[in-house]
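# Chain and residue survey
Each chain is listed here by its residues.
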Amino acid sequence: MRQAGRALPEYRKLKGKYDFLNLVRTPELATEVTLQPIRRFDFDAAILFSDILVVAEGLGQKYKFRTGGGIQMSYALRYIDDIKALDVSALPDKLDYIPQALQLVKKSLGDKTALIGFAGSPWTLANFMLEGGSTSDFQHAKRIFYTEPKIFSMLMEKLTAAVSRLLQMQVLAGADAVQIFDSLGGLLPQSDFPMASGHWIKQIVSSLKGTVPVIVFSKDIHGNWDTLMDTGANVLGIDSGVRLADIRKVLPSSIGVQGNLDPFLLMTTPEIVASETSRILTEMRGARGHIFNLGHGVPPDSKLENISALVDTVKNFK
């Protein structure tokens, strides 16, 4: 469960001593945050504590968190020279803390618990980098996709190379699987998603050459299942906006599905969480390749008893 740690008191205690970026960039601290939810809930897999925007940082565009919330990039990509200056070759050295953390986590987990690495998709990264941070209305990536396709392709080629390199680093460091988060995929019309996002994800999956299973999660993409299948992903993460059993029917059994409990339910009651978890499991009974998970990340205000109810329901389901 992505971001499960941020609901924990032990994580908040660490946040009282270190800011988020220090936690991400310090291998020992990132390891501790990664392991905290495993110790408490005994999940089947751990996902590295990191952030999708480390790729931008590795390319030379730093970021931080705004005091009032949201992301602030050190500058916005506005000119072709900004894109040309992004240095893919510098990424391994700048992001060396990520494989270091993975190796520490792997050593702690042993063979009992799987370890998942991740990165943001080129399309999602491009939106933050072109806007200069978080915004309620992402526009610049769509604008250059439609009006300046050569510049768009130049940026996406660099981001694709960078994401591929980062995921390769994570595999070499011991990740058992990797996930690509296309969190802003839903910004695109159905007709444009294949070229603006799916095409680049496919290149990243291909670059990994089948070394580990790849999970692709594209939020609010409900009309592009063929494109997502065509990426070569082994598993598709499914958000909460669709019925998982219906999606299972349109995907081949060779592709797994991950999801898709509504994260909001973790802020309700254990009874509601258990009931909705059981409903999904019952609907998916007999379906091959179902990985139970949320439809997105764990909300910070999730109640620990609700996460426990989810885990207990899954583990005791028959």
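Our structure's up above, just so we're on the same page.
The following refers to the structure shown. (Residues numbered from 1 in each chain as written. Predicted model: local features only at pLDDT ≥ 70, side-chain atom pairs only at ≥ 80, totals over all residues. Heavy atoms only, no water.)

## Focus: the environment of Val33
What counts, and what does not: By definition, any uninterrupted DSSP run of H or I lasting at least four residues is a helix, any uninterrupted run of E lasting at least two residues is a strand, and each is numbered from the N terminus. Whether a residue is buried, partly exposed or exposed follows from its accessible area with a 1.4 Å probe, protein chains only, as a fraction of its type maximum: under 20%, in between, or over 50%, in that order. Two residues form a contact once any of their heavy atoms are found within 4.5 Å.
Mapping Val33 onto the fold places it in helix H3 (residues 27–41). The class for Val33 is buried, based on a relative accessible area of 3%. When residues no more than four places from it in sequence are discounted, the contact partners of Val33 are Tyr11, Leu14, Leu23 and Phe49.

## A few points about the pattern of salt bridges
Rules: The salt bridge definition used is simple: a Lys or Arg side-chain nitrogen within 4 Å of an Asp or Glu carboxyl oxygen.
Considering all chains together, one arrives at 12 salt bridges under this definition. Between Lys202 and Asp230 there is a salt bridge, with its nearest N and O atoms 3.1 Å apart. You can see Lys202 sitting in helix H11 (residues 193–207) and its partner Asp230 sitting in helix H12 (residues 225–230), a full 28 residues away along the chain. Asp230 gets classed as partly exposed once you look at its relative accessible area, which sits at 46%.

## Section: unusual backbone geometry
Here the residue pair Gly259 and Asn260 is connected by a cis peptide bond, since its omega of -10° sits within 30 degrees of zero. Counting through the fold element by element, Asn260 comes out in strand S8 (residues 256–261).

## A few points about the packing of aromatic side chains
Just so we agree on the cut-off: Paired rings are identified among Phe, Tyr and Trp, the last through its six-membered ring, by centres lying within 6.5 Å, and are further divided according to the angle between planes into stacked (under 30 degrees), edge-to-face (over 60) and tilted (the rest).
All chains considered together, the criterion is met by 11 aromatic pairs. Centre to centre, the rings of Phe118 and Phe181 are 5.6 Å apart; their planes meet at 85°, and the pair counts as edge-to-face. Separated by 63 residues along the polypeptide, Phe118 in strand S4 (residues 114–120) and Phe181 in strand S5 (residues 177–182) bring together distant segments of the chain. The same class applies to Phe118 as to Phe181, namely buried. Judged by centre distance (5.3 Å) and plane angle (75°), the ring pair of Phe128 and Phe138 falls under edge-to-face. Linking Phe128 in helix H8 (residues 122–131) with Phe138 in the loop between H8 and helix H9 (140–147), this pair joins segments that are 10 residues apart in sequence.

## Some thoughts on the sheet that holds strand S6 (residues 214–218)
Inclusion rule: Between any two strands, pairing holds if DSSP finds at least two bridges. Each axis is a line fitted through C-alpha atoms, and for a helix only the stretch in contact is used; angles between axes span 0 to 180 degrees, taken between their N-to-C directions.
Pairing in this open sheet of 7 strands is parallel, and the strands run S1-S4-S5-S6-S7-S8-S9 from one edge to the other. Strands with a single pairing partner mark the edges of an open sheet, and in this sheet they are strand S1 (45–47) and strand S9 (290–294). For this sheet, the mean angle separating the axes of adjacent strands, direction not counted, is 25°. In this sheet, strand S7 (residues 235–237) lies alongside S6 in parallel orientation, the contact comprising 3 bridges. Looking across to S7, one finds that Phe217 is bridged to Gly237.

## Some details on the environment of Leu35
Note on placement: Leu35 falls in helix H3. Not counting chain neighbours up to four residues away, the residues in contact with Leu35 comprise Val105, Ser108 and Leu109.

## Side note on the nonpolar core
Cut-off, in case you're wondering: Residues belong to a common nonpolar core when they are buried Ala, Val, Leu, Ile, Met, Phe, Trp, Tyr or Cys residues joined through side-chain atoms within 4.5 Å.
In terms of nonpolar packing, the biggest core is built from 108 residues, with Leu53, Met129, Leu159, Val216 and Leu236 touching the most fellow members. Element by element, the count of residues in this core is highest for helix H10 (residues 149–172), at 10 residues. If sequence neighbours within four positions are ignored, Leu236 has contacts with Val216, Trp225, Leu228, Met229, Leu251, Ile255, Gly256, Val257 and Gln258.

## A look at empty space enclosed by the protein
Heads up, the rule is: Cavity: a set of points on a 1 Å grid over the protein atoms alone where a 1.4 Å probe fits but cannot get out. Pocket: an open set with protein on both sides within 12 Å along at least five of seven lines, its lining residues, like those of a cavity, having an atom within 4 Å of a point. Grid points are joined across faces, edges and corners, and a volume is the space filled by probe spheres set on the points. Only Asp, Glu, Lys and Arg are considered charged in this grouping, and only Ala, Val, Leu, Ile, Met, Phe, Trp, Tyr, Cys and Pro are considered nonpolar; every other residue, Gly among them, is considered polar.
Per the stated rule, a full pass over the model turns up 2 cavities of 30 Å³ or more. Reported here for the largest cavity is a volume of approximately 40 Å³. Lining the largest cavity are Leu48, Ser50, Asp51, Val54, Ile98, Phe118, Leu166 and Gln170. Residues that form the lining of the largest cavity fall into these classes: 5 nonpolar, 2 polar and 1 charged.

## Thoughts on the side chain of Thr313
Mapped onto the elements of the fold, Thr313 is located in helix H15 (residues 304–316). Residues contacting Thr313, with those up to four places away along its chain left out, are Ala274, Thr277, Ser278 and Leu281.

## Considering H8
The buried count for H8 comes to 10 of 10 residues, which makes it a mostly enclosed element. Along H8, the residues that are buried comprise Pro122, Trp123, Thr124, Leu125, Ala126, Asn127, Phe128, Met129, Leu130 and Glu131. Following H8 by one or two positions, Gly132 has its phi on the positive side, about 85°.

## Focus: the side chain of Asn260
Our working definition: Whenever two N or O atoms come within 3.5 Å, that pair is a polar contact, provided that in protein one can donate a hydrogen and the other can accept it, and provided that, for residues adjacent in sequence, both atoms are side-chain atoms.
For Asn260, a relative accessible area of 6% gives the class buried. Here Val242 takes part through its backbone oxygen, which lies 2.8 Å from a polar atom of the side chain of Asn260. Filtering out sequence-adjacent residues up to four positions away, Asn260 remains in contact with Ile238, Asp239, Ser240, Val242, Leu244, Ile280, Asn293, Leu294 and Gly295.

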